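Residues per chain are reported as follows:
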Amino acid sequence: MVSDAGQLYTMEGVAAGIIMLLTAYIVVSTTSIYTTGDTHIPDMQLEQLGSDVLAMMDTPDKERGENQLVGFIKNDQGDDLRDRFLDNCKMRAGDADADLRAQAYLSYRTSGGSVNTIPLSSEDESFTGRENTVRVTRWVQLPSGSYSHIPNIETSRTHAVLVEVLLWRA
């Protein structure tokens, strides 16, 4: 036979089940899970910033003018290029981002046909190699002329050289 006690146990079980489901829903919905896809978002933002700054520095100030990247390379001012690059990266609303560091390199084809890479800027003493760096590159057209600071480059013709900047937060 069925008694009233069985009905009470059934209502108690249903109420307990609802409470457990509600508790599980609240726990799952309030916990943020940091997925591996989210870890690269700051790197992508830093890479886009660096790419935009190099594009801006590769744009001439006036018609038939010389852009900043060509001027820095022609005049052997790699440290000035790095400093200007970092200054342009820090131009934003609010406080300046003092944690940005950069290292600039130049890759080109030598007169013998091989590819050579030289540092444009001096080594940054804070770079340990464990930082999470992003690589930003830009092809630059160097007009023919004398580039005595660039070893084994043919000076009688226009060159396409690769300016590469390693960018990281210290």
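Relevant structure appears above.
Since this is a predicted model, take the numbers as computed values, not measurements.

Draft legend 1. Up close: the side chain of Thr-110. Relative to the helices and strands, Thr-110 is located in the loop between strand E1 (100–109) and strand E2 (115–119). Setting aside residues no more than four positions away along its own chain, Thr-110 makes contact with Asn-116 and Asn-152.

Draft legend 2. Inspection of the pairing of E1 at higher detail. E1 sits mainly inside the fold: eight of its ten residues count as buried. Note that E1 and strand E4 (residues 159–169) share eight bridges and pair antiparallel. From the neighbouring strand, Leu-100 faces E4, where its bridge partner is Arg-169. One ladder, built from five bridges, connects E1 with E2; its direction is antiparallel. Bridging across to E2, Tyr-108 finds its partner in Asn-116. The turn linking E1 back onto E2 is made up of five residues, and Gly-113 within it adopts a positive phi angle of 100°.

Draft legend 3. Seen up close, the nonpolar core. Among the nonpolar cores identified, the biggest contains 30 residues, and Ile-73, Phe-85, Leu-106, Ile-150 and Leu-167 are the most heavily contacted of them. Taken together, the elements giving at least two residues each to this core come down to helix H2 (41–57), helix H3 (68–74), helix H4 (78–89), E1, strand E3 (134–142) and E4. It is E1 that contributes the most residues to this core, five residues altogether. Among all residues touching Leu-167, those that are not within four sequence positions of it are Leu-46, Gly-50, Phe-85, Leu-86, Leu-100, Arg-101, Ala-102, Asn-132, Thr-133 and Val-134.

Draft legend 4. Geometry of the side chain of Ser-121. Along the chain, Ser-121 falls in the loop between E2 and E3. Among the polar contacts made by the side chain of Ser-121, one reaches the main-chain amide nitrogen of Ala-104 at a distance of 3.0 Å.

Draft legend 5. Just the sheet that holds E1, in detail. Within the open sheet, the four strands sit side by side as E2-E1-E4-E3. Their pairing is antiparallel. The open sheet terminates on both sides in strands that have one partner only, identified here as E2 and E3. The mean angle between the axes of side-by-side strands here comes to 25°, regardless of whether they run parallel or antiparallel. Relative to the sheet, H2 contacts E1, E3 and E4, its axis offset from that of E3 by approximately 15°. Docked against the sheet, H4 engages E1 and E4, running at close to 130° with respect to E1.

Draft legend 6. Examining unusual backbone geometry more closely. Positioned with a positive phi, Asp-76 is a non-glycine residue whose angle comes to about 55°. For Asp-76, the location among the structural elements is in the loop between H3 and H4. Positive phi is not limited to glycine here, since Asn-152 has a value of about 60°. With respect to the secondary-structure elements, Asn-152 resides in the loop between E3 and E4. In this structure Asn-152 comes out as exposed when scored by relative accessible area, which is 54%.

Draft legend 7. View of the packing of H2 against H4. Contact geometry of H2 with H4 gives a least axis separation of 10 Å together with a crossing angle of 120°. The angle between H2 and H4 falls in the class oblique. Here the hand of the crossing between H2 and H4 comes out right-handed. Between H2 and H4, the residues in contact are Leu-49, Gly-50, Val-53, Leu-54, Met-56 and Met-57 and Leu-81, Arg-84, Phe-85, Asn-88 and Cys-89, respectively. Of the residues in the contact of H2 with H4, the class split is eight nonpolar, two polar and one charged.

Reading the values: rules and limits
- Residues numbered from 1 in each chain as written.
- Predicted model: local features only at pLDDT ≥ 70, side-chain atom pairs only at ≥ 80, totals over all residues.
- Heavy atoms only, no water.
- Helix = DSSP H or I, 4+ residues; strand = E, 2+ residues; numbered from the N terminus.
- Contact = heavy atoms within 4.5 Å.
- Buried < 20%, exposed > 50% of the residue type's maximum accessible area, 1.4 Å probe, protein only.
- Pairing = 2+ DSSP bridges.
- Core = buried A, V, L, I, M, F, W, Y, C linked by side-chain atoms within 4.5 Å.
- Polar contact = N/O pair within 3.5 Å; in protein donor to acceptor, adjacent residues only side chain to side chain.
- Axes fitted to C-alpha atoms, helices over the stretch in contact; angles between N-to-C directions.
- Parallel < 35°, antiparallel > 145°, perpendicular 65-115°, else oblique.
- Left-handed = near helix turned anticlockwise from the far one by under 90°.
- Nonpolar A, V, L, I, M, F, W, Y, C, P; charged D, E, K, R; others polar.

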